[in-house]
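Remarks on the overall topology
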Amino acid sequence: MIFVAILIGCIIGAILGINAPVIPYTYSGYLAISIVAALDSVFGGITSVLNGKFDLKIFVSGFFGNAILSILLTYLGERLNVDIYLAAIVVFVGRMFTNLGIIRRYYIDKWTDKLKEKSMNKEETKKE
């Protein structure tokens with residue numbers, strides 16, 4: 001179900017993105033960091049679904065909370081003339097790779113179990 005919601009969101013985002021005006025260069029940093037934060041939340045949500053611990057309230061609060069915090073860090077860094085947003089990018093991308101690794105292992109284990117089950121079924125059929 002969550003994958004259908006993600007797919008619908010991507011389609012709506014693509015349609016809106018085609019018809020939306022171009023983002024000015026001055027705001028592109030804010031948009032980039034908020035997209036990375038949102039993707040981190042999405043991968044975290046998928047991981048929690050696979051672990052059976054998904055909570056919509058936590059997902060939504062994390063989604064918007066991470067995006068807002070990352071935008072505020074970018075703004076603060078811009079005012080201080082320090083690239084603070086790089087720290088947020090490192091953390092978010094690191095968490096994305098961790099969650100992607102968990103997702104990958106889950107599906108590899110599931111696929112391996114199916115292959116083992118098929119081979120066991122074939123062996124049982126041969127014995128009969």
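Not measured: the values here are computed from a predicted model.

**Brief notes about helix H3 (residues 56-80)**
Count 3.6 residues to each turn of an α-helix, and residues three or four apart come out pointing the same way. Taking 1.5 Å per residue, 25 residues should reach 36 Å; H3 reaches 36 Å between its end C-alpha atoms and fits that length. Asn66, Ala67, Ser70, Thr74 and Gly77 are the residues of H3 that are buried. Positive backbone phi, at 60 degrees, marks Asn81, one or two positions downstream of H3.

**Brief notes about a nonpolar patch on the surface**
Residues Val49, Phe54, Leu56, Val60, Phe64, Ile68 and Leu72 make up a contiguous nonpolar surface patch of about 620 Å² in total accessible area. If you tally residues by element for the nonpolar patch, the top one is H3, at five residues. Mapped onto the secondary structure, Val49 falls in helix H2 (residues 25-51).

**Side note on the confidence of the model for the protein chain**
In the predicted model, the protein chain carries a mean pLDDT of 87, and 98% of its residues have values of at least 70. Mean pLDDT across the elements of the protein chain bottoms out in helix H1 (residues 2-19) (85) and peaks in H3 (91).

**Quick look at the packing of H2 against H3**
Remark: H2 packs on H3, axes separated minimally by 8 Å, with the N-to-C direction vectors making an angle of 155 degrees. Comparing the axis directions of H2 and H3 gives the class roughly antiparallel. At the point where H2 passes H3, the crossing takes the right-handed sense. Packed against H2, whose contacting residues are Tyr30, Ile33, Ser34, Ala37, Ala38, Asp40, Ser41, Val42 and Gly45, the element H3 presents Phe59, Gly62, Phe63, Asn66, Ala67, Ser70, Ile71, Thr74, Tyr75 and Glu78 at the interface. Here the contact of H2 with H3 is composed, by residue class, of 10 nonpolar, seven polar and two charged.

**So, the layout of surface pockets**
One number sums up the size of the largest pocket: a volume of about 240 Å³. Ile6, Cys10, Ile35, Ala38, Leu39, Val42, Phe43, Phe59, Val60 and Phe63 are the residues that line the largest pocket. Only H1, H2 and H3 provide two or more residues apiece to the lining of the largest pocket. For the lining of the largest pocket, the element with the highest residue contribution is H2, accounting for five residues.

**Overview of the side chain of Ser41**
In this structure, Ser41 sits in helix H2. A residue is classified by how much of its surface remains accessible, and Ser41, at 8% relative accessible area, is buried. Those residues in contact with Ser41, other than ones at most four positions away along the chain, are Phe59, Gly62, Phe63 and Asn66.

Criteria and cut-off values
- Residues numbered from 1 in each chain as written.
- Predicted model: local features only at pLDDT ≥ 70, side-chain atom pairs only at ≥ 80, totals over all residues.
- Heavy atoms only, no water.
- Helix = DSSP H or I, 4+ residues; strand = E, 2+ residues; numbered from the N terminus.
- Expected span 1.5 Å × (residues − 1).
- Buried < 20%, exposed > 50% of the residue type's maximum accessible area, 1.4 Å probe, protein only.
- Patch = residues over 30% accessible without salt bridge, like charges linked within 9 Å, V, L, I, M, F, W, Y side chains within 5 Å.
- Areas by Shrake-Rupley, 256 points an atom, 1.4 Å probe, with all protein chains shown as cover.
- Salt bridge = Lys/Arg side-chain N within 4 Å of Asp/Glu carboxyl O.
- pLDDT = per-residue confidence, 0-100.
- Axes fitted to C-alpha atoms, helices over the stretch in contact; angles between N-to-C directions.
- Parallel < 35°, antiparallel > 145°, perpendicular 65-115°, else oblique.
- Left-handed = near helix turned anticlockwise from the far one by under 90°.
- Contact = heavy atoms within 4.5 Å.
- Nonpolar A, V, L, I, M, F, W, Y, C, P; charged D, E, K, R; others polar.
- 1 Å grid on protein atoms, 1.4 Å probe; cavity = no way out; pocket = protein on both sides within 12 Å on 5 of 7 lines; lining within 4 Å.
- Points joined across faces, edges and corners; volume = space filled by probe spheres on them.

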